[in-house]
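Read off the chains here:
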Amino acid sequence: FSSFHFESFNDLEASIMDCIIVGYAVKPFIAALACLTRIGKEITIDFDPMDGLSLRSLNDSKSIFSSFHFEPSYFQKCSTPPFAGRKRRKSQTENGDHWTVRISIKALAPLIRPRKDVLSLQLVTVGDLLSFEFQMQRASGVIVHIIHRVGYAPAQSVAAVAATDGASEIVAPPQLLLTMLEPLKRANEIALLVNDTHNLVSSVTFSHDDIAKESSSNLSKQQLLKTETSIRYDEFIEVEYMSYPDDSVRNDSVPPPKDLKEQVVLVFTLKEFKSVLQFCSQGSDASLPVSISFYWGGKPIVVKTTGEHFSAQLIMATLDHKMMATMKTSSINGPLSASKKQ
């Protein structure tokens, strides 16, 4: 074994962030980190003692963005030590005490697992490292301290903006949506159909073979297995379908489809969507309702939820509806036509 030594951090630059999360609030925070691991390769941390702490991640193709914001009141302590201003780190901006860094997802792997009997979690910068310090009480009454330290790099704040004014909206319990998606769990992408004519919300397995090509044989089309699940409007908390968008949206670069009065087809990846639903279902003691705002294929959908002193959102690009103009009706509209007869 190599020799070890004790290192004092007194000579290093002062601490910038010092936050303490009490036991019951640790679970949502760790669940937020776990959710972001399904988005990109890095997590961006934005900290401001007056505004709170935000966790954000963006995928490589910049088509999916997710963020979690924790208000100052979420923490037992949310501050910048009074001596932090003496030596400002390069990663700290000139905008007051605002501080933004990025951390590799892989480096956070030891943090992201269920923990019992957690008394508190302290996040504090120690020199060039961000320290996650768990205080746990075992059944025997022994207090155990577990410390994970990870390096970070300076970063610019990352944020995605997507309009939701005049958008359609579905509000639902997360477990209802997870139940609908369970038969499609092996799919990479799904088509979410909101049919206002028949008051149905459906999810269908999707592959790019669903975009019909003249060269495709009828046999190859018929051999594709399609799975669809449907739930009626009255099972949701709220469904507000906007079949007549206002002019500001109608004149967008992606104009609405001709059948907007009847239905919308939204194609997106499943993994990231499910990760947010699982956070809402399991990330805190109480299930959090999910809001899904959307226009039509080719415009992003926005998934939001709000908890006690924190909020989360997921913004995902969708496949342009013009690319689905020749989609096979047997896989998408066929099952819905059967519902007409009921």
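Definitions and limits used
- Residues numbered from 1 in each chain as written.
- Predicted model: local features only at pLDDT ≥ 70, side-chain atom pairs only at ≥ 80, totals over all residues.
- Heavy atoms only, no water.
- Helix = DSSP H or I, 4+ residues; strand = E, 2+ residues; numbered from the N terminus.
- Buried < 20%, exposed > 50% of the residue type's maximum accessible area, 1.4 Å probe, protein only.
- Areas by Shrake-Rupley, 256 points an atom, 1.4 Å probe, with all protein chains shown as cover.
- Polar contact = N/O pair within 3.5 Å; in protein donor to acceptor, adjacent residues only side chain to side chain.
- Axes fitted to C-alpha atoms, helices over the stretch in contact; angles between N-to-C directions.
- Left-handed = near helix turned anticlockwise from the far one by under 90°.
- Contact = heavy atoms within 4.5 Å.
- Nonpolar A, V, L, I, M, F, W, Y, C, P; charged D, E, K, R; others polar.
- Pairing = 2+ DSSP bridges.

Draft legend 1. Geometry of the overall build of the protein. For the protein, the helix and strand inventory stands at seven helices and 19 strands. Evaluated residue by residue, the protein yields a buried proportion of 50% over its 342 residues. For the protein, the exposed surface amounts to about 17,900 Å²; the carbon and sulfur share of it is 50%.

Draft legend 2. Focus on the environment of Ser203. Its place among the elements puts Ser203 in strand β13 (residues 200-206). C-alpha separation for the pair Ser203 and Thr227, spaced 24 residues apart in sequence, amounts to 8.2 Å. Engagement of the side chain of Ser203 in a polar contact is seen with the side chain of Thr229, the distance being 2.6 Å.

Draft legend 3. Just the packing of helix α2 (residues 174-181) against helix α5 (residues 270-282), in detail. The interhelical angle for the contact between α2 and α5, taken along N-to-C directions, is 145°, at an axis separation of 9 Å. Relative to α5, α2 is oriented so that their crossing is left-handed. The residues of α5 that touch α2, namely those facing Pro174, Gln175, Leu177, Leu178 and Leu181, are Leu270, Phe273, Lys274, Leu277, Gln278, Cys280 and Ser281. In the contact of α2 with α5, the residues fall into eight nonpolar, three polar and one charged.

Draft legend 4. Region of interest: the sheet that holds β13. Strand order in the open sheet made by the four strands is β14-β13-β12-β16, with antiparallel pairing throughout. Lying at the two open borders of the sheet, with one neighbouring strand each, are β14 (228-232) and β16 (263-269). Shown here is a sheet whose adjacent strand axes are inclined to one another by a mean of 20°, direction ignored. Pairing between strand β12 (residues 189-195) and β16: seven bridges, direction antiparallel. Bridge pairing links Asn195 to Gln263 in β16. Contacting β12 and β16, α5 crosses the sheet at an angle of about 95° to β16.

Draft legend 5. Layout of the sheet that holds strand β2 (residues 42-48). With antiparallel pairing, 10 strands are arranged side by side in an open sheet as β10-β6-β2-β3-β4-β19-β18-β17-β11-β15. Lying at the two open borders of the sheet, with one neighbouring strand each, are β10 (153-154) and β15 (238-240). Contacting β2, β3 (52-58), β4 (64-70) and β19 (310-316), helix α1 (residues 23-36) runs over the sheet at an angle of about 165° to β4.

Draft legend 6. Here's a closer look at the environment of Ala109. On the secondary structure map, Ala109 appears in the loop between β6 (99-104) and β7 (118-126). Looking at Ala109, the relative accessible area reads 47%, which means it is partly exposed. Taking the C-alpha atoms as reference, Ala109 lies 9.5 Å from Leu33; in sequence the two are 76 residues apart.

Draft legend 7. A look at the pairing of β13. With respect to burial, β13 is a largely interior element, seven of its seven residues being buried. Sheet topology places β12 next to β13; seven bridges connect them, and they run antiparallel. Of the residues in β13, the one forming a bridge with Ile190 is Thr205. Hairpin geometry of β12 and β13 is characterised by an intervening segment of four residues between the two adjacent antiparallel strands and by a positive phi of about 55° at Asn199. As paired elements, β13 and β14 share five bridges and run antiparallel to each other. Looking across to β14, one finds that Val204 is bridged to Glu228.

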